[in-house]
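Given next are the chains, with one letter for each unit.
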Amino acid sequence: MTQKIYYDSAYTREWHTTITGRMDKEDGIYVTLAETAFYPHGGGQPCDLGRIGGIQVLDVNIEDGDVWHKLERAPEQNEVNCELKWDRRFDHMQQHTGQHLLSAITLKLVDAMTLSFHLGADHATIDVEAPELSVDQLTTIEQEVNRQIYRNARISSSWVTAEEAARLPLVKQPSVTEDIRIVEIEGVEYNACGGTHVSATGEIGIIKLLKTEKVKSSTRIYFKCGTRALNEFTATQNVLNSISVILKTSKDELVERIEKMELEQKQLQTELNTVKTTNDTYYAEELLAAREGLVIAQIFEDKSLKEMQSLATKLTAEHEGLVLFASISEAKVVLAQNGQPPEWACGPFFKGNLGAYQGKGGGSEKMAQAGFASSEDALAFYEFTREQLGHH
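So, how was this worked out
- Residues numbered from 1 in each chain as written.
- Predicted model: local features only at pLDDT ≥ 70, side-chain atom pairs only at ≥ 80, totals over all residues.
- Heavy atoms only, no water.
- Helix = DSSP H or I, 4+ residues; strand = E, 2+ residues; numbered from the N terminus.
- Rg over C-alpha atoms; globule rule 2.2 N^0.38 Å.
- Buried < 20%, exposed > 50% of the residue type's maximum accessible area, 1.4 Å probe, protein only.
- Pairing = 2+ DSSP bridges.
- Phe/Tyr/Trp six-rings, centres within 6.5 Å; stacked < 30°, edge-to-face > 60°.
- Lys NZ or Arg CZ within 6 Å of the ring centre and 35° of its normal.
- 1 Å grid on protein atoms, 1.4 Å probe; cavity = no way out; pocket = protein on both sides within 12 Å on 5 of 7 lines; lining within 4 Å.
- Points joined across faces, edges and corners; volume = space filled by probe spheres on them.
- Nonpolar A, V, L, I, M, F, W, Y, C, P; charged D, E, K, R; others polar.
- pLDDT = per-residue confidence, 0-100.
- Axes fitted to C-alpha atoms, helices over the stretch in contact; angles between N-to-C directions.
- Salt bridge = Lys/Arg side-chain N within 4 Å of Asp/Glu carboxyl O.
- Contact = heavy atoms within 4.5 Å.

**Considerations on the overall build of the protein**
Then step 1. Counting secondary structure elements, the protein contains 9 helices and 20 strands.
Then step 2. On C-alpha atoms alone, the protein measures out to a radius of gyration of 33 Å, which is more than a quarter above the 21 Å that the 2.2 N^0.38 rule sets for 392 residues.
Then step 3. Across its three principal axes, the protein shows a C-alpha extent of roughly 90 × 55 × 40 Å.
Then step 4. Within the protein, the proportion of its 392 residues that are buried is 42%.

Put into structure tokens, the structure is as follows:
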């Protein structure tokens, strides 16, 4: 069975050992080592990566007590030097220890037990047993976890029996009855855990809560610790600085400036809609005057689907016939009618003919619309429809 160095020393980065087993699987080559500091997947924590004998480690899993390392290729020697990808390992140590601290403080302050933990490549999450958490509660939790970080409390691990574990104030009793590993954050909590952790809370650096979302009857808290939190702050600061430069205002006045811009945008949009309505009225009169028979057909260079629908609605309100529009820029076609015979119900007509032109859409008897893969397909369907309308 593999000796698991990561239990006794999470800070081991390099070591020399012997390959004790090899296995060729469908997805690659796997080896076991006499001793390994490579942490396998487990407990919500991803595995470590690095090199064994200079060969890239692609994945690490544990089976029946043995740690199997998936390698890029088969090693030639049995005696190998091993090296962890330390930045990844220390990041995982910061996030995992931060999770322990966050879970303990959330339980203490708002009586919300942690139900699950996930450590992703970008952020970490815990799901806690609370339907919701207020802004004030989250602020209090964040301030307290960071106060515990500044306290730099010692973090240690030990192996205990089931009887010894039962006497400890554990948040949750472990399901296993032997080889129980306890992680203690001095003055905060005891927790049964097999993951890798920093040696003192100060090494977590900082915990920043990002957001929450409701998951069934619980709340999911997104957070980042240490270097991830610093990188998040740097990225946010860069965005704020860029926006400040673009808007020529200080960061303190950004919200006020954006609210003012939003109000101005709404006012401009209202004015624009009024102008469009007036233009549509004049344009509708021109189209009605130029119509031949019961069909009004027009191709537009850049009208949006919404604009074509609005104009078609205006026309059919005054014209007992058919309106056919196409937009080249959007590759869309609109057909509308008012008072035509049933065989010219727009939706069914589109449904029966769109497939031949790679179009997708539909609608009611009075109006239908469709989008196409290209403007050529849209125009082809437009011409086909116009020809069909002409026959009747």
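Structure's up, so let's keep going.
**Remarks on the pairing of strand β2 (residues 14-25)**
Regular strands place their side chains on alternate faces of the sheet.
Then step 1. With 5 bridges connecting them, β2 and strand β8 (residues 79-84) associate as antiparallel partners. Paired with Glu 14 across the bridge in β8 is Glu 83.
Then step 2. Bridge count between β2 and strand β3 (residues 28-33): 6 bridges; the pairing is antiparallel. Bridging across to β3, Ile 19 finds its partner in Leu 33.

**Here we look at the packing of aromatic side chains**
Then step 1. In this structure the tally under the stated criterion is 14 aromatic pairs.
Then step 2. Arranged with centres 6.3 Å apart and planes meeting at 10 degrees, the rings of Phe 349 and Phe 384 form a pair that is stacked. With Phe 349 in helix α8 (residues 346-353) and Phe 384 in helix α9 (residues 375-391), this residue pair connects regions lying 35 residues apart in the sequence.
Then step 3. For Phe 349, a relative accessible area of 11% gives the class buried.
Then step 4. Here the aromatic rings of Phe 372 and Phe 381 are separated by 5.4 Å at their centres, their planes lie at 40 degrees, and the arrangement is tilted.
Then step 5. Among the aromatic residues, those joined into a cluster by ring pairs are Phe 349, Phe 350, Tyr 357, Phe 372, Phe 381 and Phe 384.
Then step 6. Here the basic side chain of Lys 25 rests over the ring of Tyr 30, its NZ or CZ set 4.6 Å away from the ring centre.

**Describing the layout of surface pockets**
Then step 1. Here the largest pocket is characterised by a volume of approximately 1200 Å³.
Then step 2. Gly 43, Asn 191, Ala 192, Cys 193 and Gly 194 are, among the 43 residues lining the largest pocket, the residues nearest its centre.
Then step 3. Among the elements of the structure, α1 (5-8), α2 (86-110), β9 (114-119), β12 (180-185) and β13 (189-192) are those that each provide at least two residues to the lining of the largest pocket.
Then step 4. For the lining of the largest pocket, the element with the most residues is α2, which contributes 6 residues.
Then step 5. For the lining of the largest pocket, a count of residues per class yields 19 nonpolar, 17 polar and 7 charged.
Then step 6. A volume near 310 Å³ is recorded for the second largest pocket.
Then step 7. Taken together, 14 residues form the lining of the second largest pocket, with Lys 276, Thr 277, Asp 280, Glu 307 and Ser 310 sitting closest to its centre.
Then step 8. Elements represented by at least two residues in the lining of the second largest pocket include exactly α6 (254-290) and α7 (305-318).
Then step 9. The element best represented in the lining of the second largest pocket is α6, accounting for 8 residues.
Then step 10. Looking at the lining of the second largest pocket residue by residue, the class counts come to 2 nonpolar, 6 polar and 6 charged.

**Here we look at the confidence of the model for the protein**
Then step 1. With 98% of its residues at a pLDDT of at least 70, the protein reaches an overall mean of 92.
Then step 2. Averaged pLDDT values over the elements of the protein bottom out at 84 in α6 and peak at 98 in strand β15 (residues 218-225).

**Quick word on the sheet that holds β2**
Strands pair in a sheet through their backbones, by hydrogen bonds, and they do so in one of two ways: parallel or antiparallel.
Then step 1. Strand order in the closed barrel formed by 6 strands is β2-β3-β7-β6-β5-β8, and the pairing between neighbours is antiparallel. The sheet shows a mean angle of 45 degrees between the axes of neighbouring strands, taken without regard to direction.
Then step 2. Bridge count for strand β5 (residues 50-52) against β8 is 3 bridges, and the pairing is antiparallel. Paired with Gly 50 across the two strands is Leu 84, which belongs to β8.

**Regarding the pattern of salt bridges**
When the charged atoms of two side chains with opposite charge come close together, those side chains can pair.
Then step 1. In the structure shown here, the tally under the stated rule is 10 salt bridges.
Then step 2. Among the salt bridges present, the one from Asp 127 reaches Arg 220, with a minimum N-O distance of 2.7 Å. Of the two residues, Asp 127 sits in strand β10 (residues 124-128) while Arg 220 sits in strand β15, which places them 93 residues apart along the sequence.
Then step 3. Residue Arg 147 pairs with Glu 144 through a salt bridge whose shortest N-O separation is 3.0 Å. Of the two residues, Arg 147 and Glu 144 are both situated in helix α3 (residues 135-151); the distance of 3 residues between them amounts to about one turn of the helix.
Then step 4. On the basis of relative accessible area, Glu 144 is assigned to the buried category, the value being 15%.
Then step 5. Overlapping salt bridges, with partners in common, bring together Asp 122, Lys 224 and Glu 232 in one network.

**Structural notes on the environment of Ile 180**
Then step 1. By the secondary structure assignment, Ile 180 is in strand β12.
Then step 2. Spatially, the C-alpha atoms of Ile 180 and Gly 194 are 8.5 Å apart, while their sequence positions differ by 14 residues.
Then step 3. The residues contacting Ile 180, other than those within four sequence positions of it, are Ser 158, Trp 159, Val 160, Thr 161, Ala 162, Ala 165 and Pro 174.

**Some words on unusual backbone geometry**
Then step 1. For Asp 111, which is not glycine, the phi dihedral falls at a positive 55 degrees.
Then step 2. Relative to the helices and strands, Asp 111 resides in the loop between α2 and β9.
Then step 3. Of note in this structure, Gln 358 is not a glycine but carries a positive phi near 55 degrees.
Then step 4. Assignment of secondary structure puts Gln 358 in the loop between α8 and β19 (359-363).

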